[in-house]
Every structure is written in C-alpha cells, then in structure tokens.
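# Remarks on the overall topology
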Amino acid sequence: MTDRGRRIIIIGAGHNGLVCAATLARAGHHVTVFEAATSVGGAAITREFAPGFRVSAGAHLLHALDPAIAREMKLADHGLDYAATGLGTVGLDPDGQWLRYLGAELEGPGASDADREAIKTFDRQFGRFAALLRNLRGQVPPRLGTRDRGDLLALGKLGWAIRRLGRDDMREFLRIAGINVYDVLNERFESPLLKGAISLDGTLGTFAGPRSNNTVFNLLNRYDDQGYAIPAGGMGTVTAAMADAARQAGADIRTGCPVRRVMMDFDRACGVRLETGDEHTADVVISNADPRTTLGELLGLQRLEAGFAHRVKHIRAKGGVAKLHLALDGLPAFNGLDEALTGQRLVIAPDPDYVERAFNHAKYGEFSAQPAMEITIPSLHDNRLAAPGQHVLSANVQWAPHDLKGGWNGARRHLVEACLLMLEQYAPGIRDQVLHHELRSPWDLAAEFGNAGGHWHHAELTLDQSMMLRPVPGAAQYATPVNGLYLCGAGSHPGGGIMGNAGRNAAWVVDRDLAAGTTGTPEPTEDEA
Amino acid sequence: MKKYDAIVIGAGHNGIANAAFLQKAGLDVLLVEKNDWIGGASVSRNLHEDWIYSNCSYVCSLLRPEVYRALDLAKYGLQVVPYGGSVTFSSDGDYLGRYTDPDASRREYQRHSPRDADALHRYERDVMRQCRFIRQFLLRTAPDPTSFKPRDLLELLHIGRELWALGEDTIYDTMRFYTMSIADYLDEYFENPLIKAAKAGSGIIGSAMGVMSPGTAYVLLHHAMGDVDGTAGAWGFARGGMGAIANAMQACFEDHGGTTITGASVEQITTRGGHVTGVALANGDEHRADTVVSNMTLPRTFLECMDPKDLLPEFLEKCRNFKIRGSSGKLNIALDGLPEFTALRGNTELLCADMHLVDSIEKLERAYDDWKDGHWSREPYLDMLIPSLTDPTMAPPGKHFMSVFVQYVPPKIEGRDWTDADRDAFSDNVLNRIEAYAPGFRDKVMHVEVRTPRELENEVGLTEGNIFQGELTMDQLLFNRPIPGYAQYRGPVKGLYMCGSSNHPGGGVMAAPGANAAREILRDLRRPNTVPEGWTDD
C-alpha cells in the first residue's frame, strides 16, 4: 500500500497545536510537534507556583471545549476528568448582597424580582445567538467577494441560520451584535451588581471596556448556560490528555525545542530551524504560535508581500489581563458566601461603570488600582492543588496593559497590593491568609507562553479581527500566502479559549490541500512513499 | 375646517424638504413649526446687532446634490461657497495645516513626518472609496432583512451586488472600516501624534463614543461623504448662514403653494381607530390630515406627542431605549477683530480654514472620559470656523463671526440638569482654552451665545441635544434606524410617517431622510414620485 502520509511540522504544543497534530496524525500524516517549553500545553498548563501549591497558570476555567473534539480524541480515556462542572457566576458585593446566575437562574440576596424575570428572556436570546456563533466555530470562514460555490454556500447557510431565529430574535441579533454590552444591559436589567458581572463577561480577555462596541460579540462568544468547568488536576490535564491522544495517533511531540526560523525553499515553507541550529524539513509547516510571531519573527515580514506584511504588522494584540495566584493558609471568607458558593466562579465587578473605569486606565498604559476580577478557588474542588486545609486562589485581573508606562519591573508589587486591598473588602482577613503570591502581568505571560502582547486570544477578538478577517484577510482560512505555511492557533478563527477548533479546522484545510496538491508542495513520488 | 392632504411637523431641513417634495407632487401640505422661525438646526439667527449666527449646524457639504437639483435650490437663492483647508494647533506651539493646494499640504505633512506625507494619499484614497460606496445608499430606503417582500429582497440583493462589486480586498477593508475605532484605523496609516489627532476629530463629532471606541471610523464618513459642486469631500458655507438652506427649500415649498404656520407647537398627534387624523397644537388649534409626517426626534414624536394608548408597550419600550445622548455644545461668538493664533505667526490663509484644538489621541480619549463621568471635557476637542472671512454677509465690516463647536458636552451634569452656572463655567473653559492659543482673544469677544445640550433640546427640539437625532452606532444604522422594523419611514400608526434624522441615513444637513420619507409616502398614496433616487458616483 502506498503511504499517502506527508511530513508535517507543527510549531507549538498548545491545545490547538495538539488538536491539529492528533487530527492530522489520525489522517495518516507524519507529524512532528516542536514545543519551546519543557512541557506541553502552552497557556493551558498546571504548575507549582509556590511550594506545595499548584495552579492553572494560564487559562483556569473550561467552558468552550468542543465536545466533538473531546470525543474524537477520546480525551476522557486519556485522563481528562472534571473536578467541577456547571459552575455559575457569583457577583460579589462588599456588604454580602451577592447574587449568583447560571443560564436563566438568578438567586441571592442581591437579585431583584424584575431581574429574575428579565434574565429568562436574556438567557433565551443570548443562548440562541451564542449557539449561532458556536456553530460557526467548526467551519473554515468563507471568503467574501468570490464566486466560489463553497463560500457562497457557507454564507447562505449563515444567512439562513440568522433568518431561522424568527423575526423578533433576528432583529434583536442584528441590532445588538455589533454594539456594546453596557447599553444592552441597561435596557434589560436594573441591578448594578448583575449588570456589572455580565459586563465583565463582555470584556474578559479583551482590550475593551463595557462601553466599547464589540463587547456584546465578546459576551456571545463566551455565553454558555451550561456553566464553567474545572478539570481535575488543573488545565494541564486537558493538554496532557490531548498530547497523549496525539502521541497515540502517531505524532512525535518534542518539548524543549524552540523553533527559530521557518525555512523556505524558494517560494514555499520547507521546514524549521531550531534554536540549537538543527534543521528539520517537512512538506507542510503549521504554526500554533500567534500570527505576529509566526509571520513577523519565525518567517520574517520581508518574505511577505508589502500589503500583507502591513496588515500583519497591525494585528492588534495588546494583552490587558494579569493573572494573580495566591497560596492561602485557609479558605477565605467572602462576605455572605458559604463554602458551596465560594467554589463558584466569583467576580468583582459591582457595576458596569466600575468596570469601565477600570478599563480607562488601560487606554493610557496604566493598570487599574481598582481592578475588575474573575476569581476561582480550584482547591475547593480538587485536593491535588494544595495541602489539606490550604487553598489556591487564581484570579484574572483587569486591566493591566502589556505596555505599562514605566514598565512592569517595579509595578507588580503595586498591583498585588491593589488586588489584596480590593480582596480584603470582599473577604476580610484574606491578607493574613496569604502565604505566597505570584502576579503574572501580560508581559510575563508573553514571556512564559510566547504569545505576542500576552494576549489570551493571540489577536484581539473584535469584529474587525474575526471570521474571514482573522487574524488578517489573506490568512483567515488557515493558509498563509506562503505556500506550505499554515496557522492553527488562537489568532485564527474562532479565536482563543480552550476550544481546539482552530487546530482542528486548520488540520482539515491542510489535509484537504495536501490531497488536492494545492499546498505548493510537489505530489509525493512513489519512491518517497 | 380645512383638511390638508398632509401635515409635516417641524420645519427643520428634513421637514421642509419632505413638505416640498410632497407639495410638488400635488399634495396640499401644511408645515407646522413650534419656533417663530424656520430652519430647525439649519438656521441663521440675528442675535447680536448686525451679526448673523449659524447657531447650530455651521458648514455645508452633506446636502444631497440630488435634492439640491430636484428642489431647484439654486433658483431659490442657495449658494454654497467652498472653503479650504484645516489647521490643528498643538499645545507645544506648533500647528499642522491642510491647504487647498495639495503640494502645500504635502510639504506641511512632510515637515511633521515624511512617512505620513507618503501615507496621506493612500489614506485619502481609502476613505474616499468608502465614501463612494456609501453615497449610493443615502437616497434609498433600507431593506428589512426579516421581510420576504420582493421589494426588500431585491434591495438586499442590490446591496449585496454592490458590495461584491468592490472586490474581495475592498470588502474586507469595508468591514473593518465599519467596525474599527478611528484611533486604530489611523494607526494603520500614520505615526505622528498631531496628524493622528487632526484626523481623529471627525470620528467623534456628535457621537457618544471616544476615538478609541470601535465604530468611530464609520462616524468619519458622516463628515467626509459630502461634496460641494461635485467636489467630493469638500466643505462650504451656505451664503448667509446655514439658514439659507432651509430658506431656499422653504421658498420652493411655498412657491408650489405650501402653507406654513410658525409659533405652532404640536401638543399631540391625534388618531382615531388606529389612523392619524391630524395634530392638536398647544394653543388649542387643531389641523386635520390623513397623513402626518414627523420631523421630530423619535422619542419626542412617540413619547411626548402621542397618546401611549395608541402604541404598543414594546414599541414604547424601544423608543425609550433609543440612544440619543447628546455629546456636543457650541459657542457662537461675535468678534471685534480676527483672533491672533500665536502658532500661525500671520499665516492668515489658515484662519479661513477649519481650526482645531487638541493634539493627541490620548487627550481626545480623556475628553471622552470626562463625558462618561457626566462632565464637560476639561480639554475639549474644538472645531472653530470664522465664516465671515469667506462670507462677508455674516458680520459688519471689520468684525467677525466665529463658530466654535465643542466635543464633549454631556446632556446632564453628573446626573442632574444643567444650570446657568454650569453653562457659564463651560463657556469660560472654552474661551480660556482658545485664549491660551490666541492671546488677546477674550478681549475681542463682543457677544457669546452658548449652546449646551439643554439649549439644543429646548430650542431646536433635539432630544438630549444629540445633533444627529440619534447616535450613529450599528444598532441604529441602516435597517436598524431608528428601530428595527420601522426603518422605512412608516410609523406604527396608519398614516403616520417619520422624516427626521432619527431615520436612515441619519444626521447632518443632508435632507436625505426627508426626501426618502417623501418617496415612501407618495408610494403609499399612489402619487407620482417627485423624489430622485440616489445617483451612483462616476
């Protein structure tokens, strides 16, 4: 039998790189993954940040992992297990007037009757709109302006999906999809605490305040009435399972192998050169690194056509979220919360104006001294993360810009201090429980995970950088203008979050192109096979 | 009592244009206006001695040339005099000039950044491409995307075809242009902070967004898609002030036999059995017609001038949610002589141009932060013009009229209503800002008329002082404007129509909503159409 498998190199063993590797290996290709770090996982890892305390050092909640991918890769068989699922969001209040919501449910002393009614309509509509976007995740974005039947069919399907919402929901979708969450929440709810908490979801991981347009789009991307999940053993378990699945399918994953260059043979990518100087050739190179790093550094902008290089240079990827890890000598006592509630996803976002003010600073290169936070205490669900009686608190802190005026060196201390002051208001006594702390600014995250700008999504997830515009027109269908070079990371459609769709979509495109002989690589000859 | 064929409420430029088109089609039209004068926000007022103030809108470019010709406005006395150039003063004492002579402009840009001088051509080409694309849709009724009517489907198809005709790359550019912030958009072309600030102002005028808010690149179009005498993107003064536009339309309307009543404030739009019957005035008079057209803002029409029982609760809710936050103010100033800007050092050519204060994207954004906090901007974006240099009819010889547009000014001060003291403090701040760039300026000020959102609402009727009769964000554009399902100028009650800037294609002295509404009314009444469809460029 002729081996139709081709040699494929994937740069980076983040979750998308691993999904891509597994998918292509299953299709019979010879896949090698080079990962710069000493372990796989990219920003989905678990690591010890203080003696005896382990934490998901990047992403800390799971909500968008495509179930089809989990099935295809048999992740459960490879060790993926959940410590908690169906976690709702608790809006914290210094006076203990908290509220908790999950889908259409709203409870707690801070919840009003009107809002309990309003959230039903909200959940029904946002659930439908979010499902519409979710269905697009597993598709390669169509190109516009072409007469290609596949493209037109995909657009027709999208149009039909929007029409199928029915007249009223379709009107509402077309009205709000492009605007800001601040105005939409003011139309629907009365409680500042509820609006604040949801508005934080509209801005989480982006460089945009609640009043910035695109935040409804961001909220829809995150919206899931099934709640959040925490993998047992932290986020590293997810990528470990993925790596396991990829290896079992035949992929070769090499850690501690930073790639320095994408090598080119005249007009096509032909392999990679490692930091060590070793060269590896392949028929196709796929990059899980962010697009600016891939095209700007590993390939080099000078190898791209000027107009395209210009677009790449202007991809916006300004990270704005810092990560705070606290090792605690006990469970913090949040005002009004019992232990079950403390284990939910907690947010400090008392009202949308508070969140907007927190964002104001980021625009001018300052961190907010009164930040908005998304907090989890995973050790409540998982005793592997800390010794008995001790706890880990993991928080996303907004906003803390990558390009801080004056640099991050002296500033981390001040931000930690601001966070602790803030937390002390909501959980008195927490300061005294802190044994160790670690603050990872976007600058640190970029250094640890290699994503330019320290941005969660590798490129800001806004309408002008989504779908067929993501990361830039001309590379939005995973293939770059350079023959044989593909993208498979969060910088491509559908963006960040531990979903794996970018990796799987890219794998399909590569496999299709290889079969059709359109990657710019010559067809394999019989002797090669 | 005499029954008219149609009553148009509000003699702003859209109301008059609407009335004129209906009258030309043979309808007997009554135009009612609450003020003792006509014009709405397109008005010339004599408020101080021999000065004429364009006291609301102050420059002309967006007025659709199709309307200009169809209503024969030249014959009725409208002259638009182009002015050239612009200048932006920076706080370090320098300035950035734009001249009518492209070579001079290029040299000036080169002085600040040779790279940006090269980018200028590319930038202008790309923006003009967007202008040319949008212009063809201004005088067309937006399709309802939820409708299966052949007319809506054909119009959707038309838009799709025109978009496809742009070609793949330009489609992507267009999508990005509509969704980006002006600051990000400019970053793709320019590097010099002053050049970026100078260009960014047009993205925020009249809007409740900051230069860093996504969606502001599109607002730029509302200040670039016009033309003067076929020169796309050019701006001009209506000779005799902006009232000249309304007056010429009014002359056309009356020439065709239309009737106008001024000083007639509409208290209620009356209905019977789900159909409009006319209007009841505040003075007790009633006028009857089977067609009533409102040029008032959406909230004013439905929340103030109609019986809530005539409308569905969901519709009222949508009217209450209509975003119409004011963000601008204005100072109209009578000057004893020309201001002397230190930076210009006698370069008087630029005094005839559009003059701006603000020198960086960051300061523009901080001005917006002030607005969000419910305060007027401490360092506002100022757009200043001295029309009397170009049009001597505006002020006595040797004296001048200066129009100072101010962004941002909130509709409420920290949640409470404006007081006279607030207004004076606001005005003082603006005058002091100008004084800092033009020493001796305040001594030349003979009279100031200050317009905050409060004055704009009370006098002109612009709800919350929003100059566009509704914000220009994606939820309120095209088929979403003013409310999804009501974007074709027809109100929720039979015989009721809307023709103000709350409707597609929005604000600016464009007369397009008025013209489009007239076309729909004539269609419903099965009358011959007098309203031109949009022309395509080139």
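Conventions we followed
- Residues numbered from 1 in each chain as written.
- Chains lettered and ligands numbered in written order.
- Predicted model: local features only at pLDDT ≥ 70, side-chain atom pairs only at ≥ 80, totals over all residues.
- Heavy atoms only, no water.
- Helix = DSSP H or I, 4+ residues; strand = E, 2+ residues; numbered from the N terminus.
- Rg over C-alpha atoms; globule rule 2.2 N^0.38 Å.
- Lys, Arg positive; Asp, Glu negative; His and termini not counted.
- Charge placed at Lys NZ, Arg CZ, Asp CG, Glu CD.
- Buried < 20%, exposed > 50% of the residue type's maximum accessible area, 1.4 Å probe, protein only.
- Arc of directions from axis to C-beta.
- Contact = heavy atoms within 4.5 Å.
- Polar contact = N/O pair within 3.5 Å; in protein donor to acceptor, adjacent residues only side chain to side chain.
- Axes fitted to C-alpha atoms, helices over the stretch in contact; angles between N-to-C directions.
- Parallel < 35°, antiparallel > 145°, perpendicular 65-115°, else oblique.
- 1 Å grid on protein atoms, 1.4 Å probe; cavity = no way out; pocket = protein on both sides within 12 Å on 5 of 7 lines; lining within 4 Å.
- Points joined across faces, edges and corners; volume = space filled by probe spheres on them.
- Nonpolar A, V, L, I, M, F, W, Y, C, P; charged D, E, K, R; others polar.
- Buried area = accessible area lost by both parts, 1.4 Å probe.
- Salt bridge = Lys/Arg side-chain N within 4 Å of Asp/Glu carboxyl O.
- UniProt positions renumbered as here; feature names shortened; annotations may be inferred.
- Domains from an automatic or database assignment.

## Thoughts on the overall build of chain A
Helix and strand counts for chain A stand at 17 helices and 20 strands. For a compact globule of 529 residues, the expected C-alpha radius of gyration is about 24 Å, and chain A comes in at 23 Å, within 12% of that figure. Dimensions of chain A, computed from C-alpha atoms along their principal axes, come out at roughly 75 × 55 × 45 Å. A distance of 5 Å separates the average location of the 53 positive side-chain charges in chain A from that of its 61 negative side-chain charges.

## Topic: helix α3 (residues 102-112) of chain B
Residue and element names in this part refer to chain B. When α3 is considered as a whole, its buried residues turn out to be A104, S105, E108, Y109 and H112. One side of α3 holds all its buried residues, which, seen down the axis, span an arc of 135°. Tucked into the core, α3 has its buried residues touching β7 (95-98), α4 (114-138) and α8 (193-200). Structurally, the start of α3 carries an N-cap: the backbone nitrogen of D103 is 3.0 Å from a side-chain oxygen of D101.

## Considering the packing of α4(B) against helix α6 (residues 168-179) of chain B
Residues and elements named next belong to chain B. At a closest axis distance of 11 Å, the pairing of α4 and α6 adopts a crossing angle of 90°. Considering their axes alone, α4 and α6 lie roughly perpendicular with respect to each other. Every residue of α6 that contacts α4 at R129, Q130, F133 and I134 is listed here: T170, D173, T174, F177 and Y178.

## Some thoughts on empty space enclosed by the protein
All names here are of chain A. Applying the stated criterion across every chain, the model contains 10 cavities of 30 Å³ or more. Estimates place the volume of the largest cavity at around 180 Å³. In this structure, the largest cavity is lined by 16 residues; those nearest its centre are Y101, D201, Y223, D224 and Y228. Within the residue set of the lining of the largest cavity, elements represented by two or more residues are β7 (99-102), α3 (113-137), α7 (192-203) and α8 (215-222). The class makeup of the residues in the lining of the largest cavity is nine nonpolar, three polar and four charged.

## Some points on the interface of chain A and chain B
Taken together, the contact pairs 36 residues of chain A with 42 residues of chain B. Summed over both partners, the interface of chain A with chain B comes to about 3,700 Å²; 52% of that surface belongs to carbon and sulfur atoms. Area buried by chain A at its contact with chain B is led by R163(A), R171(A) and Y364(A), which between them contribute 17% of it. For the pair chain A and chain B, the number of links is 11 salt bridges. In this structure, K405(A) engages E362(B) in a salt bridge whose closest nitrogen and oxygen atoms are separated by 3.6 Å. Every element with two or more residues in the side of chain A that touches chain B is listed here: α4 (149-163), α5 (167-176), α6 (181-188), α11 (306-313) and α13 (352-363) of chain A. Among the elements that make up the side of chain A that touches chain B, the one with the highest residue count is α5(A) (five residues). Tallied by class, the residues present in the side of chain A that touches chain B amount to 11 nonpolar, 10 polar and 15 charged.

## Some remarks on the UniProt feature "domain: Amine oxidase" (unreviewed entry) in chain B
In the numbering used here, UniProt assigns the "domain: Amine oxidase" (unreviewed entry) feature to residues 15-507 of chain B. Here residues 15-507 of chain B is 34% helix and 19% strand, with 13 Å between the C-alpha atoms at its ends.

## Observations regarding the domain arrangement of chain A
Residues and elements named next belong to chain A. One can read the domain layout of chain A as domain 1 (7-44 + 64-81 + 234-315 + 464-516) and domain 2 (104-225). Taking only C-alpha atoms into account, the centre of domain 1 sits 29 Å from that of domain 2. The interface is formed by 15 residues belonging to domain 1 together with 11 residues belonging to domain 2. Taking both partners together, domain 1 and domain 2 bury about 1,100 Å²; carbon and sulfur atoms supply 67% of that area. When the area that domain 1 buries against domain 2 is broken down by residue, the three leading residues are M467, M468 and Q477, summing to 40%. Between the two partners, domain 1 and domain 2, sit zero salt bridges. Our count for the domain 1 to domain 2 interface comes out at five residue pairs in polar contact (both at pLDDT 80 or more).

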